[in-house]
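Read off the chains here:
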Amino acid sequence: MHEIILIIVALAIIFEISNGWNDSANAIATVISTRVLSPFQAVALAACMNILGAFFSTEVAKTIGEGVVSPDAITNTVVIAALVTAFLWNAILTRMGLPISCSHALIGALMGASVAYGGFAILNFAGLKKIFLSLMISPAIGVLLGYLMMKFLLKFFGAYSPGTLNRTFGRLQLISSAFMAFSHGSNDAQKGMGIITLALVSDGLLGSLEVPSGSF
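In this report, we go over the structure that sits alongside the text. (Residues numbered from 1 in each chain as written. Predicted model: local features only at pLDDT ≥ 70, side-chain atom pairs only at ≥ 80, totals over all residues. Heavy atoms only, no water.)

1. Things to note about the side chain of Gln-173
Relative to the assigned elements, Gln-173 resides in helix 8 (residues 162-202). Judged by relative accessible area, Gln-173 falls into the buried class, the value being 15%. Excluding residues within four positions of it along the chain, Gln-173 makes contact with Thr-30, Val-31, Thr-34 and Val-36. (Helix = DSSP H or I, 4+ residues; strand = E, 2+ residues; numbered from the N terminus. Buried < 20%, exposed > 50% of the residue type's maximum accessible area, 1.4 Å probe, protein only. Contact = heavy atoms within 4.5 Å.)

What follows is the structure, encoded as structure tokens:
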């Protein structure tokens, strides 16, 4: 394997670590703060569900790998530039305590590095349209579903005593925590997989952007 691929794999792992700085606590904060699980149990649950999520599908990885730019249009130097930039953005803004999106950081960095290398013409505008629509629509859907869920809970469970609710919903937190960790694995973990596969295709080691099991 070419040495540059090993560098990209290492950078992708480092980027995913910076991703975890921001997102990993989302799945376990509530179950720890309410003492439903110990920190060790919560981290173990999140780790297992993240791994399962990463193996569940490769669609997100394919979108990252070919939805921004064609693998044939760039070099692995572009991929390295994108990974380093995305990591620095995550690290600096996390250190400053500012909210960020690792998905926006990686996609934006890959777009910028690609345009600097080959101009706007090499971007996959059809794929970017789908990505940007998802990034814009998903928060609105989240707000709406969160509102409806809260109204439902207040209507049907608002009259119960706090003790009863704490016991019941404490157990249900296990399901929500596991699902959030699973969804994090099926989305965020695959960004690194997509970048590694993009590099493999760009370097000629793969004929098409199909995520091999070795990328896991």
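2. Comments concerning the nonpolar core
Residues Val-79, Leu-83 and Ile-195 are the most contacted members of the largest nonpolar core, which totals 32 residues. Those elements giving two or more residues to this core turn out to be helix 1 (3-23), helix 5 (76-95), helix 6 (102-118), helix 7 (125-157) and helix 8. In terms of residue count, the dominant contributor to this core is helix 6 (nine residues). Once residues within four sequence positions are removed from consideration, Leu-83 is found in contact with Ile-8, Leu-11, Ala-12, Phe-15, Leu-106 and Ile-195. Judged by nonpolar contacts, the second largest core, of nine residues, contains Leu-37, Met-49, Ala-178 and Ala-181. (Core = buried A, V, L, I, M, F, W, Y, C linked by side-chain atoms within 4.5 Å.)

3. Considering helix 6
Relative to the 24 Å expected for 17 residues at 1.5 Å per residue, helix 6 spans 24 Å between its end C-alpha atoms, a close match to the ideal helical length. For helix 6, the complete set of buried residues consists of Cys-102, Ala-105, Leu-106, Ile-107, Ala-109, Leu-110, Met-111, Ala-113, Ser-114 and Val-115. Contacts from the buried residues of helix 6 go to helix 1, helix 4 (59-66), helix 5, helix 7 and helix 8. Gly-119 occupies a position one or two residues after helix 6 and carries a positive phi of about 85 degrees. (Expected span 1.5 Å × (residues − 1).)

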